[in-house]
Protein chains: 2
Amino acid sequence: MSEPKPLTRNQTLVLDTLSAEHAPLSAYDILDRLREEGLKAPLQVYRALETLTERGLAHRLESLNAFVACAGDDCHRSGVIGFAICEKCGSVAEFSDFVLRQRLEGWADRQGFHPHETTIEMRGMCAACSVAA
Amino acid sequence: MSEPKPLTRNQTLVLDTLSAEHAPLSAYDILDRLREEGLKAPLQVYRALETLTERGLAHRLESLNAFVACAGDDCHRSGVIGFAICEKCGSVAEFSDFVLRQRLEGWADRQGFHPHETTIEMRGMCAACSVAA
DNA sequence: ACTCTAATGTTATATCATTACGCTTGCTTC
DNA sequence: GAAGCAAGCGTAATGATATAACATTAGAGT
Ligand SMILES: [Zn+2]
Ligand SMILES: [Zn+2]
Ligand SMILES: [Zn+2]
Ligand SMILES: [Zn+2]
């Protein structure tokens, strides 16, 4: 194997921005926070995000068109990941469940379907926000 | 209880368009197909889609920003639905699995998370396209 | 030095979705 | 029937998200 290749400047800026936030950010949110660092165009952010998500350092939340830093000390795309997204406070919990994965793969096998990328997202209210309700 | 309230003209047009297609359509795709019926603005389509998805007659595919007609003889929002989306031919299979649902709800319960809406989408290659590869 | 790959910078454009406002329709209530 | 209400509609403008195209730069491997 080889060196884990360091992140570039733009990639680091974007990942740091995501990590500092406790909620998902859209690419444009990220861009706004990085204007003073010299970033000017959406594409600079999207390109960094592409690399980061490929490496499992960040995740895209499809139902929000937004992104979060990986919460799991780096997933490395470890199989199927699920997200529980609080619609009130924006917190995102990341989970990975073997049975869930097995179940999806079982269905796919029986159908002859070959999954390439799987999205599991629950939107609702987190424990903290529920008690406050 | 009461009558199942008929669909309006716009809602019918949109649902028929979705039903006639074998692949997901974006709101603008739908609009294009309905211009000769007199529709002119995206909002007319989005409003119809909102009603249709609320009633379980159509579904939104979050990872595609697109819509499909319900394939299950009307879901009526019957719990958690999963989708298997072929990235080659665009076919969409709809499935509903009790164990899957149980597993998600179990996790949510343990965390005190209250899911409101759940998205499960697998993108990959369908059986038909796989043999053709 | 040559080549290959990844990343970058910039401009312009494409695609997806909502806000705002006013009108019409059907229904309920006085 | 008039007044009030809710859902739907039409239209224009705008906002939000994402990519295409093209030229350039930096580093690794030979
Ligand atoms: Zn992760
Ligand atoms: Zn919360
Ligand atoms: Zn359905
Ligand atoms: Zn296919």
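Residues numbered from 1 in each chain as written. Chains lettered and ligands numbered in written order. Predicted model: local features only at pLDDT ≥ 70, side-chain atom pairs only at ≥ 80, totals over all residues. Heavy atoms only, no water.

1. Some remarks on the overall build of chain A
Phase 1: For chain A, the count of helices and strands is five helices and five strands.
Phase 2: If you list the helices and strands of chain A from N to C, you get α-α-α-β-β-β-β-α-β-α.
Phase 3: Projecting the C-alpha coordinates of chain A onto the three principal axes gives extents of approximately 50 × 50 × 25 Å.
Phase 4: Sorting the 133 residues of chain A into buried and exposed places 41% on the buried side.
Phase 5: Sequence separation of 24 or more characterises 50% of the internal contacts of chain A that already satisfy a separation of 6 or more.
Phase 6: A gap of 4 Å separates the mean positions of the 14 positive and 19 negative side-chain charges of chain A. (Helix = DSSP H or I, 4+ residues; strand = E, 2+ residues; numbered from the N terminus. Buried < 20%, exposed > 50% of the residue type's maximum accessible area, 1.4 Å probe, protein only. Contact = heavy atoms within 4.5 Å. Lys, Arg positive; Asp, Glu negative; His and termini not counted. Charge placed at Lys NZ, Arg CZ, Asp CG, Glu CD.)

2. Quick look at the coordination of the zinc ion (ligand 4)
Residues and elements named next belong to chain B.
Phase 1: The protein atoms donating to the zinc ion (ligand 4) are Cys-86 (SG), Cys-89 (SG), Cys-126 (SG) and Cys-129 (SG), with metal-donor distances spanning 2.3 Å.
Phase 2: Taken together, the four donor atoms coordinating the zinc ion (ligand 4) and their angles of 106 to 113 degrees define a geometry best described as tetrahedral.
Phase 3: Taken in chain order, the donor set of the zinc ion (ligand 4) reads C-x2-C-x36-C-x2-C. In this pair, Cys-86 sits in strand β3 (residues 82-86) while Cys-126 sits in the loop between β5 (114-125) and α5 (127-132), placing the two residues 40 residues apart along the sequence. There is no split in this pair, since Cys-86 and Cys-126 are both buried. (Donors = N, O, S within 2.8 Å, 3.2 Å for Na, K, Ca; no water. Tetrahedral: all angles 85-135°; square planar, octahedral: opposite > 155°, others 65-115°.)

3. Side note on the protein's contact with DNA strand D
Phase 1: Near DNA strand D lie 14 residues; those nearest to it are Tyr28(A), Arg60(A), Thr8(B), Gln44(B) and Arg47(B).
Phase 2: Each atom of DNA strand D within 4 Å of the protein was assigned to sugar, phosphate or base; sugar and phosphate come to 40%.
Phase 3: Taking Ser26(A), its side chain carries an N or O atom lying 3.5 Å from a phosphate oxygen of DNA strand D.
Phase 4: Within the contact set of DNA strand D, a phosphate oxygen lies 2.5 Å away from a side-chain nitrogen or oxygen of Gln44(B).
Phase 5: Elements with a contribution of two residues or more to the surface near DNA strand D: α3 (42-54) of chain A together with α3 (42-54) of chain B.
Phase 6: Per element, the largest residue contribution to the surface near DNA strand D is three residues, and it comes from α3(B). (Near = heavy atom within 4 Å. Polar contact = N/O pair within 3.5 Å; in protein donor to acceptor, adjacent residues only side chain to side chain.)

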